[in-house]
Amino acid sequence: MKLAIVGATGLVGSKMMEVVERKAIPFDELTLFSSKKSAGQVISFKGRDYEVQELTEARAEEPFDYVLMSAGGSTSLKFSPIFEQAGAVVIDNSSAFRMQGDIDLIVPEVNKPKLNRAIIANPNCSTIQSVVPLKPLVEAFGLKRVAYTTYQAVSGSGLAGLNDLREGAKGAAPTNYPHPIYNNVLPHIDVFQEDGYTKEEVKMIDETKKILNLPDLRVTATCVRVPVEDSHSVAMDVTLEKPATVDAIREVLSKQEGIVLVDDVENNEYPLAIHSTGRDEVFVGRIRTDDSLDNTFHIWCTADNLLKGAALNAVQILEALLKERGEA
Ligand code: 2RA
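What you see is a predicted model, and the numbers here were worked out from it, not measured in a lab. (Residues numbered from 1 in each chain as written. Predicted model: local features only at pLDDT ≥ 70, side-chain atom pairs only at ≥ 80, totals over all residues. Heavy atoms only, no water.)

Chemist: Could you give me a rundown of the overall build of the chain, with the residues and numbers involved?
Modeler: When you go through the chain residue by residue, the secondary structure sums to nine helices and 15 strands. Whereas a compact globule of 328 residues would reach a radius of gyration of roughly 20 Å, the chain reaches 20 Å, a difference of no more than 12%. Taken along the three principal axes of its C-alpha coordinates, the chain extends 60 × 50 × 40 Å. Buried positions account for 51% of the 328 residues belonging to the chain. Taking as baseline every contact in the chain between residues at least 6 positions apart, the subset at least 24 positions apart corresponds to 66%. For the chain, the accessible surface area stands at approximately 14600 Å², while carbon and sulfur atoms represent 47% of it. Charge centroids of the chain, computed over 34 positive and 47 negative side chains, lie 1 Å from each other. (Helix = DSSP H or I, 4+ residues; strand = E, 2+ residues; numbered from the N terminus. Rg over C-alpha atoms; globule rule 2.2 N^0.38 Å. Buried < 20%, exposed > 50% of the residue type's maximum accessible area, 1.4 Å probe, protein only. Contact = heavy atoms within 4.5 Å. Areas by Shrake-Rupley, 256 points an atom, 1.4 Å probe, with all protein chains shown as cover. Lys, Arg positive; Asp, Glu negative; His and termini not counted. Charge placed at Lys NZ, Arg CZ, Asp CG, Glu CD.)

Chemist: Please set out the domain arrangement of the chain residue by residue, giving values where relevant.
Modeler: Structurally, the chain comprises domain 1 (2–123 + 310–324) and domain 2 (127–305). A C-alpha centroid distance of 25 Å is found between domain 1 and domain 2. Each side of the interface is counted separately: domain 1 has 17 residues, and domain 2 has 19 residues. A per-residue breakdown of the area domain 1 buries against domain 2 is headed by Leu11, Glu109 and Val110, which together make up 37% of the total. Linking domain 1 with domain 2 are two salt bridges. At the boundary of domain 1 with domain 2, the tally comes to seven residue pairs in polar contact (both at pLDDT 80 or more). Of all the secondary structure elements, the ones that give two or more residues to the side of domain 1 that touches domain 2 are α1 (11–22) and α9 (307–324). Among the elements that take part in the side of domain 1 that touches domain 2, α9 stands out by supplying three residues, more than any other. Taken together, the residues of the side of domain 1 that touches domain 2 break down into nine nonpolar, five polar and three charged. (Domains from an automatic or database assignment. Buried area = accessible area lost by both parts, 1.4 Å probe. Salt bridge = Lys/Arg side-chain N within 4 Å of Asp/Glu carboxyl O. Polar contact = N/O pair within 3.5 Å; in protein donor to acceptor, adjacent residues only side chain to side chain. Nonpolar A, V, L, I, M, F, W, Y, C, P; charged D, E, K, R; others polar.)

Chemist: Give me the lowdown on the UniProt feature "domain: Semialdehyde dehydrogenase NAD-binding" (unreviewed entry) in the chain, citing residues and values where you can.
Modeler: Look at the UniProt record and you will see "domain: Semialdehyde dehydrogenase NAD-binding" (unreviewed entry) annotated at residues 2–118. Strand forms 26% of residues 2–118 and helix 25%; the C-alpha atoms that close the span are 15 Å apart. (UniProt positions renumbered as here; feature names shortened; annotations may be inferred.)

Chemist: Describe the site of the ligand, with residues and values.
Modeler: Around the ligand, the neighbouring residues are Asn124, Cys125, Gln152, Gly156, Ser157, Glu200, Arg225 and His232. Take asparagine 124: an N or O atom from its side chain is 2.9 Å from a nitrogen atom of the ligand. Within the side chain of glutamine 152, an N or O atom sits 3.0 Å from an oxygen atom of the ligand. About the coverage of the ligand: the protein hides 78% of its 240 Å² of free accessible area. When the residues that make up the shell around the ligand are grouped by side-chain class, the tally is one nonpolar, five polar and two charged. (Near = heavy atom within 4 Å.)

Chemist: Requested: an account of the packing of helix α4 (residues 125–141) against α9, with residues and values cited.
Modeler: Running from N to C, α4 and α9 point in directions that differ by 85 degrees, and their axes come no closer than 8 Å. Here α4 is positioned roughly perpendicular relative to α9, judged by the angle of their axes. Residues Cys125, Ile128 and Val132 of α4 touch α9, and the partners they reach there are Lys308, Gly309, Ala310 and Asn313. (Axes fitted to C-alpha atoms, helices over the stretch in contact; angles between N-to-C directions. Parallel < 35°, antiparallel > 145°, perpendicular 65-115°, else oblique.)

As structure tokens, then:
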């Protein structure tokens, strides 16, 4: 199996390599690609040194079987179709193809690819960690409405975000965010649309509906950047169709693959970003009724945005494909 990883020198790309190794994804050949600027670096992986190659159109036409892509939307728009045309299945972490009708948008615990196209989109990190607990609630109770408020780590902005937090702590002015993130919170992730929503909020709204296959679901979102290095936290307010109780919700969530239930407030036990960082699971807790609306519940979750929110989910999609095809 010929595997390519595009964006291998970035935060998510390097996490993808970690997960490929940890999950023993079986490849015969591995090629690491990057932009011209980062090409030439040597990365040691599974006892071998790999020189990172510049991704060009000619290279993308080579016969790869699978491509893990984490190099931004413009690079994906340019190269993913070329890889696809050359016969590869591309799993793309950018937002470039997510909302295209013929493109699968996949969270393996939630939905399966139809593969009308050989480009599979990895959802936005905060969406991924939210639909994992939502899926069993949809199946058990039906879902009418979700209101998200996110508390997103700066590593979601890559090294530039981490730099603004770390240097901001020393008094440096921000270079990546419009305002200081150190000792502050920014209700602004990605760009503002004309309606006052940010692109990040629109992603959560649109992607949730697509992944859950609930086009009429009422969804809203407020996405906030917080001075945390890793792990996103999400507060969800969910209105269910069938009558439910906190205990019934806990029971359903406790059976969902990929979820760790942490919900014992009498002992100050609830999901924390510091606990989900480095872990594969989505941590869920603080489940309680929202008495301002009928049959509505508050749910809190945390997850490592670079793992389940990006690299792990992408490799899980690859792993599922390989298993389905008898290649793993
Ligand atoms: C962020 N979800 O957190 C976006 C992209 N990773 O910045």
